[in-house]
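# Overview (structure and organization)
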Amino acid sequence: MAGGDEAIRRIDAVWRIESPKLIGALARVVGDVGAAEELAQEALVAALEKWPETGVPDNPGAWLMTTAKNRALDDLRRRKMLRGKHQELGRDLEAEQEASGDALAARLERELDDDVGDDVLRLIFTSCHPVLAREARVALTLRLLGGLTTAEIARAFLTPEPTIAQRIVRAKKTLAEAKVPFEVPRGAERGERLASVLEVIYLVFNEGYAATAGDDWMRPELCDDALRLGRVLAGLAPEEPEVHGLVALMEIQASRARARTSPSGEPILLLEQDRARWDQLLIRRGLAALAKAESLGGARGPYALQAAIAACHARARVATGTDWAQIAGLYGALAEVTPSPIVELNRAIALAMLFGPEAGLKLVDALAGDPALAGYHLLPSVRGDFLFKLGRLDEARKEFERAAGMAGNARERALLLNRARQTYATSD
Amino acid sequence: MRVMIMVKVNQDSKGERGAVPTEAEMAPMGKFNEELQKAGVLLDLSGLKPSSAGARVTFNRGKPTVVDGPFTEAKELVAGYWILQVKSKEEAIEWAKRIPAESGGIEAVEIRPFYEMEDLEMEDFAPSPAVDAAKELGKKLPSGAGGKP
């Protein structure tokens, strides 16, 4: 049919806009995210059948909501009829089920169209619930909040589609079995649950920003998905400083996207990037989000601190103008909040910028025995860099080669091997 | 993808005539903007003063001529813009259809995608002097600095 493809693209666009609100409202009423998503999917299938013929309705969100509601009501009626035929059911149980079915039907009629506003926020907290494995949280969040298809998620994470499909099915089942309430957590639980939400979003962002595997170093679509989720969250929970901290961090990091790969796809390191290619709109947004986090009293949150470090780079018009003393101080603060040898490693780099590679080498060597850094390719990479600067080329080469052997990403590996080769060129 | 949605009005629009919109007229637009923000798609927006506050510079074989506003000959006048980050042109269209045009006195909007990394990479990646300077610098500084670039 003519225009069929275009209609499908338009339905896809409507779905991306409407599905979180739709699934959220349904989950609030039926009390189960899995059942809510299935109802929403049924409404989508109905739209795919109907809209190419009739055109997209004026208010597509309301159309989808009504269709999903009617499916749910049909479902209840069918079950009621079935129960009527099954005499073996105990009378009390039958009456009880009937009553709960009627109550649900009434709630569907009455409450589904309420604009509660919190539905999408509840959906985010539920799909990032700690009862789920981290991978399951990521897949479910992209699916329910990002509007991504199973195939899109599979492609993004270089995972077979059936694996992702199964992960999502199991996640929904786990949420139902654990009877996870569909709500925004309050009180003491809130902080911990929010941390899980932020972690999921930043994980998605990082997989797009510096892929841990595969041939492409960046997958910008994933960064965009994560940024969108972060911005949604900032709109829904504007009182949370760390949400703005995370958004600030992602905006500023994403601002460098155009500058951090060469045309052939090789990574370009921060200090070698053409800063004219940095995206000033995203930098401005990032600095504003950081200011917001700080004004809410969140200057010492781990995401806000990382954003503040990224902001130091963003503010420097040329690499030589970087305020390394401030960066070293911020890494020190970050190490207090979230002690980690990786943070220490970065602090060592900043201090080496201030006091020279000899000092950096001493700091890095003090970290070398840390088991947490055993498989971390940036340790030998940084060490190699300091040795290179000190003219200890044979040692530098060994470190770069070691780092290349540990890097999971093909582009990063190539860069490190190239640096190893440069040690020969320099010694000639 | 990133798109700009440009607002077009005609000569007779209230905004062009210099009228400041009332609160009641602003409310639907405020609600729409909030919806964009909550959906995580809004990057930037601004409204422009009427063309009487502006000027037009035309070029005849490169020679500039300045004419002060209002731009009385123009059929459509740009009056503002949104910058959105969306998944597809269709999504941008879907948002554009929801603009409360009547209360905003909007005649039309125009959706124009920005050039993206992929588009630019097809061109020659001409290194700027800044890149050369940064490369020189890179030889002197530890390039692993800052962890992830």
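Everything numeric here is computed off the predicted structure, so don't read it as measured data.

### Thoughts on the overall build of chain B
Assigned secondary structure in chain B consists of 5 helices and 6 strands. Of the regular secondary structure in chain B, the N- to C-terminal order runs β-α-β-β-β-β-α-α-β-α-α. Residues counted as buried form 36% of the 149 residues belonging to chain B. Residue pairs at least 24 apart in sequence account for 77% of intrachain contacts in chain B once pairs closer than 6 positions are excluded.

### Section: the overall build of chain A
Secondary structure assignment for chain A yields 19 helices and 0 strands. By principal-axis analysis of the C-alpha atoms, chain A measures approximately 90 × 55 × 40 Å. Relative to its full complement of 428 residues, chain A shows a buried share of 54%. Residue pairs at least 24 apart in sequence account for 65% of intrachain contacts in chain A once pairs closer than 6 positions are excluded. In the structure as shown, chain A presents an accessible area of about 19200 Å², 52% of it carried by carbon and sulfur atoms. Both charge centroids of chain A, one from 56 positive and one from 62 negative side chains, sit 2 Å from each other.

### Describing helix α1 (residues 23-38) of chain B
All names here are of chain B. With 16 residues, α1 should cover 22 Å at 1.5 Å per step; its first-to-last C-alpha distance of 22 Å lies within 8% of that length. When α1 is considered as a whole, its buried residues turn out to be Met 29, Phe 32, Asn 33 and Leu 36. Projected onto a plane normal to the axis of α1, the buried residues spread over an arc of 100° and lie on a single side. For α1, exposure combined with an orientation more than 90 degrees from the buried face picks out Glu 23, Ala 24 and Lys 31. Tucked inside the fold, the buried residues of α1 contact β2 (42-47), β5 (77-85), α2 (89-97) and α3 (101-104). Trailing α1 by a residue or two, Gly 40 shows a phi angle of about 75°, which is positive.

### Quick word on the sheet that holds strand β6 (residues 108-113) of chain B
The strands that make up a sheet are held in pairs by hydrogen bonds between backbone atoms, and each pair lies either parallel or antiparallel. Residues and elements named next belong to chain B. Here 4 strands make up an open sheet; going across it, the order is β2-β5-β1-β6 and the pairing antiparallel. Taken across any chain shown, the strands that pair with only one partner, and hence form the sheet edges, are β2 and β6. Pairwise comparison of adjacent strand axes, ignoring direction, gives a mean angle of 20° for this sheet. The pairing of β2 with β5 spans 5 bridges and is classified as antiparallel.

### Structural notes on a nonpolar patch on the surface
Residue and element names in this part refer to chain B. Together, Val 57, Phe 59 and Val 66 make up an exposed nonpolar region whose accessible area comes to about 320 Å². Here Phe 59 shows up in strand β3 (residues 55-60). On the basis of relative accessibility, which here comes to 59%, the residue Phe 59 falls in the exposed class.

### Quick notes on the pairing of β5 of chain B
With 8 bridges joining them, strand β1 (residues 2-9) of chain B and β5 of chain B adopt antiparallel strand pairing. When the sheet's bridge partners are listed, Arg 2 of chain B is paired in β5 of chain B with Gln 85 of chain B.

### Some details on the confidence of the model for chain B
Fine structural detail should not be taken from predicted coordinates in areas where pLDDT scores are low. Residue and element names in this part refer to chain B. Here chain B shows a mean pLDDT of 82. Residues at 70 or above account for 79%. Considering each helix and strand of chain B separately, the mean pLDDT is smallest for helix α5 (residues 129-140), with a value of 49, and largest for β6, with 97. Contacts from residues 137-149, a stretch scored under 50 in pLDDT, to residues over four places away or in other chains number 44 contacts. In the predicted complex, the global pTM is 0.86; the interface-specific ipTM is 0.84.

### Quick look at the pattern of salt bridges
Opposite charge on two side chains permits them to pair, given that their charged atoms come into close proximity. All names here are of chain A. In this structure the tally under the stated criterion is 43 salt bridges over all chains. Taking the shortest distance from any N to any O, the salt bridge between Arg 193 and Glu 189 comes out at 3.0 Å. Within this pair, Arg 193 and its partner Glu 189 are both found in helix α9 (residues 188-209), separated by 4 residues, close to a single helical turn. Exposure remark for Arg 193: the relative accessible area of 5% places this residue in the buried category.

### Focus on the environment of Ala 368 of chain A
All names here are of chain A. Take Ala 368: it is sitting in the loop between α16 (357-367) and α17 (378-389). Accessibility expressed as a relative area gives 43% for Ala 368, which makes it partly exposed. Between the C-alpha atom of Ala 368 and that of Val 204, which follows or precedes it by 164 residues, the distance is 29 Å.

Rules used in this analysis
Residues numbered from 1 in each chain as written. Chains lettered and ligands numbered in written order. Predicted model: local features only at pLDDT ≥ 70, side-chain atom pairs only at ≥ 80, totals over all residues. Heavy atoms only, no water. Helix = DSSP H or I, 4+ residues; strand = E, 2+ residues; numbered from the N terminus. Buried < 20%, exposed > 50% of the residue type's maximum accessible area, 1.4 Å probe, protein only. Contact = heavy atoms within 4.5 Å. Areas by Shrake-Rupley, 256 points an atom, 1.4 Å probe, with all protein chains shown as cover. Lys, Arg positive; Asp, Glu negative; His and termini not counted. Charge placed at Lys NZ, Arg CZ, Asp CG, Glu CD. Expected span 1.5 Å × (residues − 1). Arc of directions from axis to C-beta. Pairing = 2+ DSSP bridges. Axes fitted to C-alpha atoms, helices over the stretch in contact; angles between N-to-C directions. Patch = residues over 30% accessible without salt bridge, like charges linked within 9 Å, V, L, I, M, F, W, Y side chains within 5 Å. Salt bridge = Lys/Arg side-chain N within 4 Å of Asp/Glu carboxyl O. pLDDT = per-residue confidence, 0-100.

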